[in-house]
Amino acid sequence: TDPIEAMSPDAPLLHEGLIATSLSGSADKPSNIAGHMEGGKGDVEKGFAESDVVVERTYRTSLVHQGYLEPEAETVFWQADGKIEVWANSQGSFPLRQNMSNLLGVDVSKIKVTPLEVGGAFGAKNTPRVTPVAAILSRKSGKPVKIVLTREEVLKATGPASGAVITVKMGGTKDGVLKAAQARLVFGAGGFPGSPVLRGMQTIFACYQPENSKVDAYDVVTNAPRVAAYRAPGATVATFSAESTLDDLARELGYDPMDFRIKNASKEGDSNVDDDVYTRIGIVEMLETVKASDEYNRPIKKSENGWPVGRGVGIGWWPCGIEISSARVMVNHDGGVDVATGAVDLHGIRTGTAQVAAETLGIDPEEVHVHTADTEGIPYTGNAAGSRITRSLSQAVFKAGSSVIDQMKEKMAVRFGVDTEFVEYEDGHFFARDNQDSKVSFKEAGSAVTKNGSNVVATASNDPGMRPANGYAMAVADVEVDPDTGKVQLTDFTLFQDVGTCVNPTQVENQMQGGAVQGIGWALSEEYVYDDQGQMRNASFLDYRMPTAFDLPMIGTVILEKPADDGAFGIRGVGEPPIIPPPAAIANAIRDAAGVRMGRLPMSPERVFEAMNDSSL
């Protein structure tokens, strides 16, 4: 179950034919290493030689689960005519249809997927689990078959997030220059290859610009469930390791940790370790906002128990995805608007889409009615994943809505008795240029032009070549630590996040708070516990310790807006960045309070107590 032990040449092979691949080619014999990836720039050894201080730390993290409310629950009917109907709580109807086609050898045109409401997913429901089994049973029985997993089955058999072992080495100068940063990431993939170690490699130093960098990343199979995505997969544990090391480096240099971050922060035009060039970003502005904030500067509240208290910060980055999203905008006979999307609604997509459509069309959101279409009712749309849906779907809605306006201008030109080029649309009204008395509202115009059965409808997809609008968030955490038990009590927590342009402040705050709480659970209490026979011993929500309201302060949120440089309204993805910085911020707060550097997640009372009482540290 340990990825480092699994890498050993003497370890039992999980797959006899697994050959590792890397930039230099393929390995000459099987191992549990599925892949080796590399990135970086410059000469790290030269950078370390030029540094006044070098800090090296190794960190270990555990398998954790997404903890969604609803377990996998899907129904399939394989009909006598060969058509397959699926009712799924998946993150994506179209990818599920394609996966079913590949697995069952059935054309996608014979498979219809109807998306249902999803009681949470966080990346874990990107791929099919029970659907193929239900399909085979349906074909055998001639009846619809529904499968619902128990919570124990969910925890034991459906992808948790990777456990990892990460070594980070950083060197800097006393004038605050990050000369070199090196990392070795070993991620456990579970029973089959496919850990998010590549994302770990991309995110570990993404917020900074070390003069020299090198990252080695290993995907290793282990005796555990095949891992799945979990909200910014790979980034949380990578950031925990990097931000902890960077904080220690700044302190040993005698440099203010916030000033050190600001001086070395990534800016527009800089590149990551994989040579990806950053588009418009505001990491420096975020750092400066946090440094000047009350949350960072006010005195730390004293513990009523007399326990030591501390404050820590952490910042994390996520690339945010694109892929294809599709939408159809249609004007009804009463002048109202229907919007159909192919995106599964995981987090209020319908609300945000109604707002974007209304903004595009210049009408009230209450006049817009949004629904999620099945795979026969809308063009292809990818998974609701990667913090991509609001951004990419908004672009599709904007394009379709703009087409609807153009169509209505053509139809209203006939009514006004002018050429189309002389029809204007402003503030929700059509009018003939230079004739303000001709104003007709969108609702009236829509009703008029569709009365005779004419359609005003447009379907569009975003350009899959849109530039990613990187997301980033920063946490400020206050803790008190019980010296007698090692228990860490989080007393104050605030998350700062750049959302590009905020579509719906309430939903954005909910995303920020929800992601932060999951990151806090990862930091302090959540982990898979295995015995020496590789059996999971805490496969229930009673024993798998997720934080509750009793464990948490109110989660403060500060929304920052630096619009992305392309796409409708400059929207950035919001969902994933909030989970990334909490473990780092809490670890740095514990370091501030108790003087110990925690190298393992979760930072449970037992581990904190041991660290505080280890004379060798």
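Cut-offs applied
Residues numbered from 1 in each chain as written. Predicted model: local features only at pLDDT ≥ 70, side-chain atom pairs only at ≥ 80, totals over all residues. Heavy atoms only, no water. Disulfide = S-S within 2.5 Å. Buried < 20%, exposed > 50% of the residue type's maximum accessible area, 1.4 Å probe, protein only. Phe/Tyr/Trp six-rings, centres within 6.5 Å; stacked < 30°, edge-to-face > 60°. Helix = DSSP H or I, 4+ residues; strand = E, 2+ residues; numbered from the N terminus. Lys NZ or Arg CZ within 6 Å of the ring centre and 35° of its normal. Pairing = 2+ DSSP bridges.

Would you take a moment to explain the state of the cysteines for this structure?
All told, the structure shown has zero disulfides when counted by the stated rule. Its sulfur unpaired, Cys 320 is 12 Å from the next cysteine sulfur, which belongs to Cys 207. For Cys 320, a relative accessible area of 5% puts it in the buried group. With no disulfide of its own, Cys 502 lies 15 Å from the sulfur of Cys 320, the closest cysteine sulfur.

Would you mind showing me how to read the packing of aromatic side chains here?
Each aromatic ring pair is specified by the distance between its two centres and by the angle formed by the two planes. Inspection of the entire model under this criterion finds 11 aromatic pairs. Aromatic pair Tyr 59 and Phe 240: ring centres 5.4 Å apart, planes at 75°, arrangement edge-to-face. With Tyr 59 in strand 4 (residues 53–61) and Phe 240 in helix 7 (residues 235–253), the pair connects residues that are 181 residues apart, well separated along the chain. Accessibility assignment for this pair places Tyr 59 and Phe 240 in one class, buried. Arranged with centres 6.1 Å apart and planes meeting at 90°, the rings of Tyr 528 and Tyr 544 form a pair that is edge-to-face. One end of the pair, Tyr 528, is in the loop between helix 14 (505–524) and strand 22 (555–560); the other, Tyr 544, is in the loop between helix 14 and strand 22, and 16 residues separate them in sequence. With respect to burial, Tyr 528 and Tyr 544 carry one shared label: buried. Above the face of the Phe 48 ring, Lys 169 is positioned so that its terminal group lies 4.5 Å from the ring centre. Sitting over the ring of Trp 318, Arg 199 keeps its end group 5.4 Å from the ring centre.

What is the right way to look at the pairing of strand 16 (residues 423–426) in this model?
Both faces of the sheet carry side chains from a regular strand, because those side chains alternate between them. Side chains of strand 16 alternate between two faces, with Val 423 and Tyr 425 buried and Glu 424 and Glu 426 left unburied. One ladder, built from four bridges, connects strand 16 with strand 17 (residues 429–432); its direction is antiparallel. Across the sheet, residue Tyr 425 finds its bridge partner in strand 17, namely Phe 430. Two successive antiparallel strands, strand 16 and strand 17, enclose a turn made up of two residues, where Asp 427 displays a positive phi of approximately 50°.

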